Amino acid sequence: MLAFRAYSWFLSRRLGLALLTLWGLASLVFLMIKLMPGDEAQMAAGADASAAQIEAVRERLGLDAPVIMQYFSFLGRLLRGDLGTSIVTLQPVLADLEKVLPSTLELVFIAMLLNLAVAIPAGIVAAYRQGGVFDATSRITAVMLGGMPAFWLALVLQYVLGSVWRVVPISGQQSYGMASPIVTGAPTLDALMALNFGAFFDALHHIILPAAVLAALFATQIFRTLRASLLGVLRSDFIMAVRAKGATARHMLVRHALPNSLNPVLTLSGTQAGAMIGSAVLVETVFARQGIGAYMFNAVAQKDAFAVLGSVMFIGTVVCLVNLVVDILQLLVDPRIRAAQLGSQGQ
Amino acid sequence: MKTVHPLPDAASVVPVRQPLISVDKLTVDMPLGRSGSSVRIVDGVDFTIGVGERVALVGESGSGKSLTARALMRLDRLAKLSGRVDFDGTDLLKLSDRDMGKLRGSSIAMVFQDPMSFLDPLMTIGDQVAETLRIRGIGKAEARKRALAVLDELGVDRAAERLDAYPHEFSGGMRQRVVLAMALVGEPRLLIADEPTTALDVRVQDQVLDLLDDVSTRRGLAVLFITHDLGVVAGFAERVMVMYSGRIVEDGEVASVFAKPSHPYTQGLIKAVPRIDQDLNTLYAIPGAPPPPLARPSGCPFHPRCDQRFDRCGVDLPALQPVGMSRVACHLLDGKGA
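Residues numbered from 1 in each chain as written. Chains lettered and ligands numbered in written order. Predicted model: local features only at pLDDT ≥ 70, side-chain atom pairs only at ≥ 80, totals over all residues. Heavy atoms only, no water.

1. Overview of the interface of chain B and chain A
Okay, so step 1: The interface is formed by 29 residues belonging to chain B together with 24 residues belonging to chain A.
Okay, so step 2: Between chain B and chain A lies a buried interface of about 2400 Å² when both sides are counted; carbon and sulfur atoms form 56% of it.
Okay, so step 3: Run the count over chain B and chain A and you get one salt bridge.
Okay, so step 4: A salt bridge links E131 of chain B to K245 of chain A; its shortest N-O distance comes to 2.7 Å.
Okay, so step 5: Contributing elements (two or more residues each) for the side of chain B that touches chain A: α1 (65-73), β6 (108-111) and α3 (125-134) of chain B.
Okay, so step 6: Looking at the side of chain B that touches chain A, the element that brings in the most residues is α3 of chain B, giving three residues.
Okay, so step 7: Of the residues assigned to the side of chain B that touches chain A, the class counts are 13 nonpolar, six polar and ten charged. (Contact = heavy atoms within 4.5 Å. Buried area = accessible area lost by both parts, 1.4 Å probe. Salt bridge = Lys/Arg side-chain N within 4 Å of Asp/Glu carboxyl O. Helix = DSSP H or I, 4+ residues; strand = E, 2+ residues; numbered from the N terminus. Nonpolar A, V, L, I, M, F, W, Y, C, P; charged D, E, K, R; others polar.)

Structure representation (structure tokens):
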């Protein structure tokens, strides 16, 4: 019971902090709108609007009020989930995001899984066999992948795997006639929910290459961070004590070395989740996928201010949430952080 | 509580013990960075420890005593070992990693210097003590029960409630008991204690020594006790081996070595122990410092610091040879003219 209270106190503190961060981001976004060249009323009314129409829009959007009042009503609209209206789709930005977001989250989720599934085992083996053949080759690979621009990697893989060897499709998210009834908007998930396994594997087939490209960039960071962290932990005294108990290398690595080197990896993957949504802009464009990336790309290209800013707010929210999850995970891994954050109640 | 060891008089017969571990020409080479070359830290060490015998290994920092101890369990992954380490008739250096792993913790166990850094900060005390058993396939409940029994035996108060506590919630002395419990729970026959009292304050040092004394007597446990504290040696061990620059220079019964040290280095060490009736202004120290392993002097490695050296000392390396009931590596024993 005490532990529960300590946890909920910790959670409410962190949630408060996340809200504060989002408020800061919202204020920044508001400032950006105000500082952007061009007349908002003009932008909202469209390029062909007459002076009278523009004035009508100005009045309707409250743009004739003092800036400080506009700021408060902007925050009020945000709280009600109103991100403004896109001048391209003429739909509320939130409704647009609901359509494109599941596809992006699906891409980012699979990319994150690929990222961790490749980088963590590779980091463990490279650190345990430091200076060995695997260590050398994986480090060289990491430097090469890390130094490669994402669009270039995407284009090369599209050409080699999609065009020359023809093992994966080079664009889109599913084949014609494979669409399942839209429930979530994420093709793999929708196919799974419709129990349409043909469509499920088709969607996976389409997502694997873009997800791999997205994962590659981030996997090099996780690999290097984990390897460095593990090398330090493997040199520490308690690892020798664990070996002295007769533990196998596998037991020592999985039960002791890995948990003790996980903290920087958790922190990094938290920031990566946000950066991945940002990088999705590129990958979705190159692979002609729907998603927040493609949406933002078009919004920027067409100077659709509210669409851009709505997307920014949204990505900010996701980053805050992911970091909250990371904070909780770190709490679960390390009893010392638990003691410091939860106080004696948490014990 | 402290056990007093009666000093054996010179005429008493040395009890013949069944040898538990015999080390023969053990060398330990450590790699130098990634250059591929290596440096010999332990240079041909021979000794035997009998069943239930308590032996102290003494030497200055860098003499190779810790690496010798770790070599017995093959704990340093980077170290290259050669020679023989016979335990119960099997050469440990020839065992596969898997078989060596089976011996660690169950036949030979180790207690370490700093109890904080040798405990995993993320695992509960109970799990860490029980781990030695869990690795060997013993069920969770049974392992926990036995871990609790050992912690109780070692005087960890409220052990049952504290099985689920983490290392940072324990005091230094209690942590050392936990480390000791981790070593004893597998019921080893040889316990290697690598300076287990060095990081503790004096009062706790005494408690841990008494505990070690108690447990080894009760269990008939052989102990190799590594230390640079001669006071601890006198109170705890039956035999003492003195190490210098990677070699054993003197090995004998504690009482006779302390009464009549044969090697000039041992003489210096004993002379350097401060005494309560001594004028503090005249504390003795052996002049100079031990040579780095890469720049060992020719001949006897101790000769540059030795106040009794003569011509031969800079040329020939003295072998460890029997002198009475001890073994000593020094040319003085052959006489200066020889």
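2. Topic: the UniProt feature "domain: ABC transmembrane type-1" (unreviewed entry) in chain A
Okay, so step 1: Those places that UniProt annotates as "domain: ABC transmembrane type-1" (unreviewed entry) correspond, in this numbering, to residues 101-330 of chain A.
Okay, so step 2: Taken end to end, residues 101-330 of chain A is 80% helix and 0% strand, and its two terminal C-alpha atoms sit 28 Å from one another. (UniProt positions renumbered as here; feature names shortened; annotations may be inferred.)

3. Some details on the UniProt feature "domain: ABC transporter" (unreviewed entry) in chain B
Okay, so step 1: Within this numbering scheme, the UniProt entry marks residues 21-270 of chain B as carrying the feature "domain: ABC transporter" (unreviewed entry).
Okay, so step 2: Taken end to end, residues 21-270 of chain B has its terminal C-alpha atoms 28 Å apart, with 38% of it in helix and 27% in strand.

4. Some details on empty space enclosed by the protein
Okay, so step 1: Evaluation of the coordinates by the stated rule reveals five cavities of 30 Å³ or more.
Okay, so step 2: By volume, the largest cavity is sized at about 110 Å³.
Okay, so step 3: Around the largest cavity, the lining residues are V29, I33, F74, R77, L78, D82, L83, G84, F306, L309, G310 and M313 of chain A.
Okay, so step 4: Elements supplying a minimum of two residues to the lining of the largest cavity: α1 (2-35), α4 (67-79) and α13 (305-333) of chain A.
Okay, so step 5: Here the element with the most residues in the lining of the largest cavity is α13 of chain A; it accounts for four residues.
Okay, so step 6: When its residues are assigned to classes, the lining of the largest cavity shows eight nonpolar, two polar and two charged.
Okay, so step 7: When we break the lining of the largest cavity down by domain, the ones giving at least three residues each are domain 1 (2-79) and domain 2 (102-346) of chain A.
Okay, so step 8: By volume, the second largest cavity is sized at about 80 Å³.
Okay, so step 9: Around the second largest cavity, the lining is made up of 14 residues, and of these P264, C300, C306, C313 and C330 of chain B lie nearest the centre.
Okay, so step 10: Taken together, the residues of the lining of the second largest cavity sort by class into nine nonpolar, four polar and one charged. (1 Å grid on protein atoms, 1.4 Å probe; cavity = no way out; pocket = protein on both sides within 12 Å on 5 of 7 lines; lining within 4 Å. Points joined across faces, edges and corners; volume = space filled by probe spheres on them. Domains from an automatic or database assignment.)

5. A word on the packing of aromatic side chains
All names here are of chain B.
Okay, so step 1: Counted according to the given criterion, the structure contains nine aromatic pairs over all chains.
Okay, so step 2: Consider the rings of F112 and F118, whose centres lie 4.2 Å apart with planes at 10°: the pair is stacked.
Okay, so step 3: When the ring of Y265 is compared with that of F302, the centres are 5.1 Å apart and the planes differ by 65°; the resulting orientation is edge-to-face. Placement of Y265 in helix α10 (residues 264-271) and of F302 in the loop between α10 and β11 (321-323) is noted, with a sequence separation of 37 residues between them. The residues Y265 and F302 share a single accessibility class, namely buried. (Phe/Tyr/Trp six-rings, centres within 6.5 Å; stacked < 30°, edge-to-face > 60°. Buried < 20%, exposed > 50% of the residue type's maximum accessible area, 1.4 Å probe, protein only.)

6. Observations concerning helix α9 (residues 197-234) of chain A
Owing to its 3.6 residues per turn, the α-helix brings residues three or four apart onto one side.
Okay, so step 1: When the terminal C-alpha atoms of α9 of chain A are compared, their 44 Å separation across 38 residues is substantially less than the 56 Å that a helix rising 1.5 Å per residue should span.
Okay, so step 2: Along α9 of chain A, the sharpest change in direction is near 35° and occurs at A216 of chain A. (Expected span 1.5 Å × (residues − 1). Bend = angle between axes of the 7 residues up to and from the residue.)

7. Considerations on the packing of helix α5 (residues 93-128) of chain A against helix α12 (residues 292-301) of chain A
Residue and element names in this part refer to chain A.
Okay, so step 1: Between α5 and α12, the least distance of the axes is 7 Å, while the angle of their chain directions is 135°. Classified by the interaxial angle, the pair formed by α5 and α12 is oblique. Residue-level inspection shows V93, D96, L97, V100, L101 and T104 of α5 in contact with α12, the latter providing I292, G293 and Y295.
Okay, so step 2: The class makeup of the residues in the contact of α5 with α12 is six nonpolar, two polar and one charged. (Axes fitted to C-alpha atoms, helices over the stretch in contact; angles between N-to-C directions. Parallel < 35°, antiparallel > 145°, perpendicular 65-115°, else oblique.)

8. Topic: the environment of G274 of chain A
Residue and element names in this part refer to chain A.
Okay, so step 1: Along the chain, G274 turns up in helix α11 (residues 249-286).
Okay, so step 2: For G274, a relative accessible area of 10% gives the class buried.
Okay, so step 3: C-alpha separation for the pair G274 and V319, spaced 45 residues apart in sequence, amounts to 4.9 Å.
Okay, so step 4: With residues up to four places along the chain from it excluded, the contact list for G274 reads I315 and V319.

9. With respect to the domain arrangement of chain A
Residue and element names in this part refer to chain A.
Okay, so step 1: We note that the domain assignment places domain 1 (2-79) and domain 2 (102-346) within chain A.
Okay, so step 2: The centre of domain 1, based on its C-alpha atoms, is set 31 Å off from the matching centre of domain 2.
Okay, so step 3: At the interface, 22 residues of domain 1 touch 19 residues of domain 2.
Okay, so step 4: For the pairing of domain 1 and domain 2, the buried interface totals around 1900 Å² over both sides, and the portion due to carbon and sulfur atoms is 79%.
Okay, so step 5: Summed over the shared surface of domain 1 and domain 2, the result is one salt bridge.
Okay, so step 6: When contributions to the side of domain 1 that touches domain 2 are tallied by element, the ones reaching two or more residues are α1 and α2 (40-45).
Okay, so step 7: Examining the composition of the side of domain 1 that touches domain 2, we find that 18 residues originate from one element, α1, more than from any other.
Okay, so step 8: Partitioned by chemical class, the residues of the side of domain 1 that touches domain 2 number 17 nonpolar, one polar and four charged.

10. Here we look at the sheet that holds strand β4 (residues 80-87) of chain B
Residue and element names in this part refer to chain B.
Okay, so step 1: The antiparallel open sheet is built from four strands, whose spatial order is β2-β1-β4-β5. If you trace the sheet from one side to the other, it starts and ends with β2 (38-50) and β5 (90-91), each paired once.
Okay, so step 2: The pairing of strand β1 (residues 19-31) with β2 spans ten bridges and is classified as antiparallel. Among the inter-strand pairings, D29 is bridged to a residue of β2, identified as R40.
Okay, so step 3: Its contacts with the sheet put α1 on β1, β2 and β4, and the angle it makes with β1 is roughly 115°. (Pairing = 2+ DSSP bridges.)

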